[in-house]
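Next come the chains, spelled out residue by residue.
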Amino acid sequence: DSAVSTNAFLSRLNGVSVTPTFAHKFDDKWSAAVGAEINYVGLTMEKNLILDAPTHTKGESYALGWNAAANYAFDEKNEIGVVYRSRIKHSMEADFNAYNFMGTGKTVSGDAYGEVTLPESWHIGYSHKFNDRTRVELNAVRTGWDTYKNLDIMISDTGKIDGLVSNPKN
């Protein structure tokens, strides 16, 4: 009956991005690029309901985003670059199962649906080349995590526990 008994015991988010990009060098100092991002996400979540009923939610989604970059070379040894990656909104349909539902030993199955927006990010980097074999690079990233507040999943077609399940980021 503990409040923590409904905590997730497995959360897995696998992702792959493919980003075809067009780049152009304007002169010896300036270059820029733009690209489209094809983003894949596979989600698996397992958590307990009340009365020791583990649940399993699994689904996948594909979504599109974009990016843009610029690079400036001060000289042959020093350069700076900036990259912007857009937000990507995923809409996912998933399979939902609750095992040992209400202590009966039965499995309840249904559908799950959720939306999540992955945040935008800004990257800035500086590079200094000491010689042909040695270079030092510094990189900073700012990710807009404030756009991701929670993962809301709508459970349906179970006949028993349909409704909204909210998973706040905290």
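Residues numbered from 1 in each chain as written. Predicted model: local features only at pLDDT ≥ 70, side-chain atom pairs only at ≥ 80, totals over all residues. Heavy atoms only, no water.

## Some thoughts on the overall build of the protein chain
Applicable threshold: Secondary structure counts use DSSP, requiring at least four H or I residues in a row for a helix and at least two E residues in a row for a strand, with both numbered from the N terminus. Throughout, a residue-residue contact means that at least one pair of heavy atoms, one from each residue, lies within 4.5 Å. Methods summary: accessible areas were calculated by the Shrake-Rupley approach with a probe of 1.4 Å, and residue burial reflects only the protein chains presented.
Along the protein chain, the regular secondary structure elements total zero helices and eleven strands. Element order for the protein chain, N to C, with α for helix and β for strand: β-β-β-β-β-β-β-β-β-β-β. When contacts within the protein chain are restricted to residue pairs at least 6 apart in sequence, those whose partners lie at least 24 apart make up 57%. For the protein chain, the exposed surface amounts to about 11200 Å²; the carbon and sulfur share of it is 56%.

## Examining the pattern of salt bridges
Keep this limit in mind: Note on definitions: salt bridges are taken to be side-chain nitrogens of Lys or Arg within 4 Å of carboxyl oxygens of Asp or Glu.
On inspection of all chains with the given rule, the structure shows five salt bridges. Here Arg135 makes a salt bridge to Glu137, at a shortest N to O gap of 3.8 Å.

## Considerations on a negative patch on the surface
Quick note on the threshold: Like charges are joined within 9 Å and nonpolar side chains (Val, Leu, Ile, Met, Phe, Trp, Tyr) within 5 Å, but only among residues with over 30% relative accessible area and no salt bridge; these make up the patches. Working convention for charge: Lys and Arg count positive, Asp and Glu count negative, and His plus the chain ends are omitted. By convention, the charge on Lys lies at NZ, on Arg at CZ, on Asp at CG and on Glu at CD.
On the surface, a cluster of negative charge is contributed by Glu93, Asp95, Asp111 and Asp157. Looking at the element boundaries, Asp95 is found in strand β6 (residues 88-98).

## Topic: the environment of Asn97
The condition that has to hold: Identification of polar contacts relies on pairs of N or O atoms within 3.5 Å, with a donor-acceptor requirement for protein atoms, meaning one able to donate a hydrogen and the other able to accept it, and with residues adjacent in sequence counted only if both atoms are side-chain atoms.
Along the chain, Asn97 turns up in strand β6. Distance in space between the C-alpha atoms of Asn97 and Gly110 is 6.5 Å, their sequence separation being 13 residues. Looking at Asn97, its side chain comes within polar contact range of the side chain of Ser109, at 2.5 Å.

## Overview of the environment of Pro20
Using the following cut-off: Accessibility here uses a 1.4 Å probe with only protein chains present; expressed as a share of the type maximum, an area under 20% marks a residue as buried, one over 50% as exposed, and anything in between as partly exposed.
Checked against the element boundaries, Pro20 lands in the loop between β1 (8-18) and β2 (21-25). The class for Pro20 is partly exposed, based on a relative accessible area of 48%. For the pair Pro20 and Ala36, spaced 16 residues apart in sequence, the C-alpha separation works out to 5.9 Å. What Pro20 contacts, discounting residues up to four positions off in sequence, is Val34, Gly35 and Ala36.

## Points about the nonpolar core
Side chains that are nonpolar tend, in soluble globular proteins, to be buried together. Threshold: Among buried residues, those of type Ala, Val, Leu, Ile, Met, Phe, Trp, Tyr and Cys that are joined through side-chain atoms within 4.5 Å constitute a nonpolar core.
Counting 14 residues, the largest nonpolar core has Ala112, Leu151 and Ile153 as the members making the most contacts within it. Taken together, the elements giving at least two residues each to this core come down to β3 (30-49), β6, β7 (108-118) and β10 (150-156). Ranked by residue count, the leading element in this core is β6, at four residues.

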